[in-house]
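# Tertiary structure, described
Single-letter residue listing:
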Amino acid sequence: MDQEVLTTLKLLMIGETNVGKSSILLRFTEDEFNENMQSTVGMDYKTKQITIDGNTVKLAIWDTAGQERFRTLTPSYYRDGQGAILMFDVTDRHTFTKLETWLNELNTYCNKIDIVKMVVGNKNDLPNREVSMEEGLEFARRHQTLYIESSAKTADGVRCCFEELVEKIIQTPGLWEANSTRMYGGDSLGGTRHRLGKRGVQLTDDYEPQNPYSNCYCSLV
Amino acid sequence: MNNIEIEDTYHHDFTTASEWEVFIARLEEIIREWKLPRSKICSPLKKGDFINLSWEATSENVHFADVEFSLKHINLITPSDEAIQSSIEECEDKRSQCLMDALNSTNDFASLDQEHLNLAKYYGIREFIILSPAKEVAITDETRIKILLSSITIASNNSNCEVPMFVQVQEPWQSFYLGVSEGRGVCSHFDMVHLKKVPPYCKFLNGLLTLFKQKITEGCGIRLDPAMVSARFTYLLKDWTSSTWTQDPPDFDFMHGETLGVAELGKLPFGATFDPVGELILFTTWPEMPENVVVDSESYTDLEPQQAPEWSVQVKMTSSPACLLGEYLIDFIHLCSNQKTLFELLGDFVSYTEGDGQNLSSAFNALTESRVPALSTVVSKAAIKKTKPVEGPISEDILLPILYFLFPDAEDNPKQPYANANAYNVEDDQWKGVKTAAVDSLVWRLSIVAAHCAHNLGGAPALAHLWHEFVQEIRFRWERNILIPGIGSGFPDSVRTCLLHQKLQMLNCCIERKKVNEESLYKPQSMDIDDPDSDSDEEFFECTNEDSTESEDTGIKRQRKMKHSLWNRPTGRLAKHPVLKLLKTGGSLYLPVTQEPVPKTEDQLEEDAEVMMQLGTDQRASEMRARLMSASLLSDMESFKAANPGAVLEDFIRWYSPRDWIEEEGLDEWGQKNGHLSPRMMIPNNPWSNAWTSSQPVPAHRQKRLFDDTREAEKAIHYLTSQRLGQIAQLLLPVLMHAGLSTLNSQKQEALSNLPDVVQSILSKLQYATKPIHQKIKSYEEIAHDIEGIEALVAQANSLQRKLGGLNQTKEFTGFLVQLMREKEVPVPDALWEYVRSRITSMFYEAQKAAHMMTSVKNISDADSPRDGGNVGKFPAPFCKEFILRAIAPRPSGTSTPHPQRLYASLKRDHLRLAGLFSEDTIFF
């Protein structure tokens, strides 16, 4: 049955190379696992529709390459992201320490201040752990993010990771309803032509930020 | 006969009841429904209760024959205070609430302006019922008035209702009421006189007193105790003379010559074009005093305003004081929907832009030739043209200062140079989060100047002209490799700045790259000389060998030349890698010079993302994306190969993606740890190995450019030129709004203590509005109206401060000002008594002087009231004189119980109103 899609959310996947971003994404979208996944060149894009608490949302997931040289390229696609998965490999401390850099980059290039972030410790099925869950949780707490551990191989935590992230985004109304201003088609600046026309999503158009002084000059006197 | 009567009552035969009886019955019914027949006495009113507490009104419609009336009950809601109630009930049980209120002087002269509430002012009563025609008709017929009056008298008698009841008669605008109140052995009549012409004997207190006493003592002739008198004189001030507070719109006609106000150009106007305070009303009040201590007659008066013990002030604000900033912003928003093109607006003036599509370069030539006659030799600075074939909407002598203001580096001695371009930081000021441009940057200035054009210099055509000139200048700078000032270097900041700012940043990037490229052409590097050689060498590329030994083989050429002609000579090296050595040769691994990243503006990023998304999500789409994205990978590989002849993919991976190099135990022949590629890099035909095999050793500077500065610059300039006027306005709007808010924020006004908070709240709206790439005009309209509203308030406060406070900034005065702003009557506080009084007096005096000057020399004798010598002319004749006279006297005969009598009088130039309450004893008469 075709359920009505509430909204489309843009999610970003970032982190060092070879931590398993593409694998997690493949597991999530196709429920497949490939021991030898190709190294992503630049970035890739996948979509998936999921239903949470009766709300169907379409996820547009941007999977980025972790190589440092690609960082001149990929942050352009951070624009308007509503959720970000910051991934590290629990068997490699280096990928964990690098998270700080990724977080900074995200904050620099993402224009949504309240983007929901989730730290994911991947490959938790492997025996040779270098980063404990406590460290991961501590990092997440310090940076006010969600935290989860996963394994693309065993599918452990994969669904849960996306579901929690989406739930959190949905609970932040200003974050996703505001996105409607970015609707395609109604182009007023005339700069770019959007070949997509309308995506199957119509978002409510009248979000107002909560604001204690909405009748500002009444309160002035 | 008895039988019949009894039967009658049994039958309840009302078939013969007249319309009048039905009407009265209905009145009684409503009164009972409202539960008015009660005789509770509430606590006496406190000062200001009439104004501060709220009034409650209930109404019902009643029909008298075919005429519809509305019966209204109006009541002041007082906080019930049981304790006081009972104590009063005991001691003064005899008088009704209405009569007690009529004697209470605490709420004299309260200014109440809602409908019917003037009754409260006339009689001092807190509760009453009004019968008035439901439609706006006048009841002028004496008989009808009498019938209505009798109706309410009967109704109030029958229902035992003490609440005074009134009938509104005469024309509705006259507020003419007659009324009655019965109960506790007293009958009070509420009479009214309303005249257009004031009889001479009523003009002064003495005459009114005589009238009052005559009325009370008629018939009984006993000597009265002195009546109590309250008086209030009202003065109006509308002519502010020297204390006017207005702002003139910036006047560009004065901007000729060298000394023109460049500072003015960068500012948005603020304030009201005419005084936001419409009038000042001064109330001078003499509260209750015995009649024998005051004289007010034609020849002499004690009631001099300056002697009045109480002063209060009320101001009336102008409803729309035409605020400059608000007008600027709103006018500009209106331009956003203008669909005209520049050509439509400017005609031949911009005709050459028509051919922009294919004919750009020839258009440029025409441009630069015609426009830069004298200064073309000076390459280091932009030239602003002195001659023009056609005059545009903005005249030359105004346009030039504007252009110099925008591009100060075009002048030898810039009047207003930009602050250090790279010091601009949109992040670290209070405006964080607003996606516009830095304060006083080029785009900031441009938006302000654009608003000046749109508002003062000719509207849409002027804006089009400015834009045209602006784009010409940008184009000129691109042609001449002159950086655009006030933008700063660096990539377009699509997160923190507006699209126009990004476009200009993009152009600066292009100009910078073009400069670098052209410089490298002029002083060629060694490898550039090689060009023909290396081209011909390409076919030998397959033969890999160490370059150091190779040089010996080609001994025919001179040493220097030999070095150059090497076919396998490494090129495009940036630096030697500190550790890594090439796996196959053992030579040091060199980091290559790579192509610089590609700057993009927000709209381009969106387009890119759109393309990526459109490809779909299947395997093929992923491959397509990988191919699209691999351009930079390929470029890096080629640079790497060029810098490191003999390198293999493993070498590249060790530099580019170290985590895909798995180290093993043991060392290789060059002393490095052994290792191998990660499994994913060894997948046959994976994009990395494919790219590696297909890449040629080409140094970055000879590769196909990932970023074509010429193309990008032309695209950006074309974007700027092809905008319609509305689009131009939309590009500038976010920054203009920001500048407007910043102007508002710079206002200091003590009386508006939460101004910063309000600015903050508008700021959050602005942050929200500026975020999306497609701007929503509606949210800007809201912001503009917010700003305008607050601008009006600030203007009002400033005006009042100037008029009443001068330099007085004390807390007391600020508090006084805040209350005045609410447009209610405010008593002059003791702390400011002398100060405010003298200021108001002198304002009246000034106005009087001015009025006398205008009407030549008119003698004071023309004035309504004579004054003694010292005060001549200080105050005008009162706009309104009000008196309340009170007495307790026996009526209708000398043997009756004394009851309250009261007369309210209001005198204006062409209006006299007397409202009397006269009580009669209904038991002893």
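Remember, it's a predicted structure, so these values are computed and weren't measured experimentally.

Before going further, it helps to examine the overall build of chain A. Secondary structure summary: chain A contains 7 helices and 6 strands in total. For chain A, the N- to C-terminal ordering of α and β elements is β-α-β-β-β-α-α-β-α-β-α-α-α. Going through the 221 residues of chain A one by one, you find that 45% of them count as buried. Taking contacts inside chain A between residues at least 6 apart in sequence as the whole, the part at least 24 apart equals 71%.

This part covers unusual backbone geometry. In the Ramachandran plot, Asp53 of chain A falls in the positive-phi region, its phi being about 50 degrees despite a non-glycine side chain. With respect to the secondary-structure elements, Asp53 of chain A resides in the loop between β2 (43–52) and β3 (55–64).

Our focus in this paragraph is the packing of helix α10 (residues 324–335) of chain B against helix α14 (residues 442–456) of chain B. Residue and element names in this part refer to chain B. Viewed as axis vectors pointing N to C, α10 and α14 meet at an angle of 85 degrees, and their least axial separation amounts to 9 Å. Judged on the interaxial angle alone, α14 and α10 are roughly perpendicular. Residues Glu327, Tyr328, Asp331, Phe332 and Leu335 of α10 form the contact with α14, whose own contacting residues are Ala451, Ala454 and His455. Classifying every residue of the contact of α10 with α14 by side-chain character gives 5 nonpolar, 1 polar and 2 charged.

What follows deals with the domain arrangement of chain B. All names here are of chain B. If you check the domain split of chain B, you get domain 1 (2–184), domain 2 (325–422 + 437–519 + 710–734), domain 3 (531–568) and domain 4 (572–698). Counting residues at the interface gives 8 residues for domain 2, matched by 6 residues for domain 4. When its residues are assigned to classes, the side of domain 2 that touches domain 4 shows 5 nonpolar, 2 polar and 1 charged.

All names here are of chain A. A sheet is described by the order of its strands in space; here 6 strands give the open sequence β2-β3-β1-β4-β5-β6, paired in mixed fashion. The sheet terminates laterally at β2 and β6 (146–149), the two strands that pair on one side only. With strand direction ignored, the average angle separating the axes of adjacent strands in the sheet is 25 degrees.

This next bit is on helix α21 (residues 602–614) of chain B. All names here are of chain B. Compared with the 18 Å implied by 1.5 Å per residue over 13 residues, the 18 Å span of α21 between its first and last C-alpha is a close match. Among all positions of α21, only Glu602, Asp603, Gln604, Leu605, Glu606, Ala609 and Met612 are buried. Note on α21: the residue one or two positions beyond its end, Gly616, has a positive phi of about 100 degrees.

Right, let's talk about the interface of chain B and chain A for a bit. Contact residues are listed per partner, giving 61 residues for chain B and 45 residues for chain A. Considering each element in turn, the side of chain B that touches chain A owes the most residues, 10 residues, to α21 of chain B. When its residues are assigned to classes, the side of chain B that touches chain A shows 27 nonpolar, 17 polar and 17 charged.

With that settled, the discussion passes to the environment of Leu175 of chain A. Here Leu175 of chain A is to be found in helix α6 (residues 173–177). Contacts of Leu175 of chain A, omitting those with residues within four sequence positions, involve Gln82, Lys112, Asp114 and Ile169 of chain A.

Our next topic: the confidence of the model for chain B. Residues and elements named next belong to chain B. The pLDDT averaged across chain B works out to 78; a share of 80% of its residues lies at or above 70. Below a pLDDT of 50 lies the segment residues 254–261, which in the model reaches 6 contacts outside its immediate sequence neighbourhood of four places, other chains included. Within the model, pLDDT remains below 50 along residues 856–872, and this stretch shows 12 contacts once partners closer than five positions in the same chain are excluded. If you check the scores for this complex, the pTM reads 0.76 and the ipTM reads 0.78.

Residues and elements named next belong to chain A. Bridging between strand β5 (residues 116–122) and β6 involves 4 bridges; their strand directions are parallel. Its bridge partner lying in β6, Met118 is registered against Leu146. With helix α4 (residues 133–142) bridging β5 and its parallel neighbour β6, the resulting β-α-β unit is right-handed.

Looking now at the environment of Ile484 of chain B. Residues and elements named next belong to chain B. Note on placement: Ile484 falls in the loop between α15 (459–480) and α16 (499–522). On the neighbour-count criterion, Ile484 (21 C-beta atoms within 10 Å) is buried. On a C-alpha basis, the gap between Ile484 and Asp608 in space is 27 Å, while along the polypeptide they are 124 residues apart. Excluding anything up to four places from it in sequence, Ile484 contacts Leu442, Ile474, Arg477, Leu504, Leu507 and Asn508.

All names here are of chain A. Of all the positions in α4, only Gly136, Phe139 and Ala140 are classed as buried. The buried residues of α4 occupy an angular sector of 100 degrees when the element is viewed end-on, so they sit on one face. Structural note: α4 exposes Glu134, Glu138, Arg141 and Arg142 on the side pointing more than 90 degrees away from its buried face. Taken from the residues just after α4, Gln144 is the one with a positive phi, measuring 50 degrees.

Attention now moves to the pairing of strand β6 (residues 186–195) of chain B. Residue and element names in this part refer to chain B. Bridge count between strand β5 (residues 176–183) and β6: 5 bridges; the pairing is antiparallel. Bridge pairing in β6 places Gly183 opposite Val186. Once β5 ends, the chain turns through 2 residues before running back antiparallel as β6, passing Arg184 with a positive phi of about 55 degrees. As paired elements, β6 and strand β17 (residues 911–921) share 10 bridges and run antiparallel to each other. Residue pairing for β17: Phe190 is matched across the bridge by Leu917.

The rules behind these values
Residues numbered from 1 in each chain as written. Chains lettered and ligands numbered in written order. Predicted model: local features only at pLDDT ≥ 70, side-chain atom pairs only at ≥ 80, totals over all residues. Helix = DSSP H or I, 4+ residues; strand = E, 2+ residues; numbered from the N terminus. Buried ≥ 20, exposed ≤ 12 C-beta atoms within 10 Å, placed from the backbone. Contact = placed C-beta atoms within 7 Å. Axes fitted to C-alpha atoms, helices over the stretch in contact; angles between N-to-C directions. Parallel < 35°, antiparallel > 145°, perpendicular 65-115°, else oblique. Nonpolar A, V, L, I, M, F, W, Y, C, P; charged D, E, K, R; others polar. Domains from an automatic or database assignment. Pairing = 2+ DSSP bridges. Expected span 1.5 Å × (residues − 1). pLDDT = per-residue confidence, 0-100. Right-handed = clockwise from strand over helix to strand, strands pointing away. Arc of directions from axis to C-beta.

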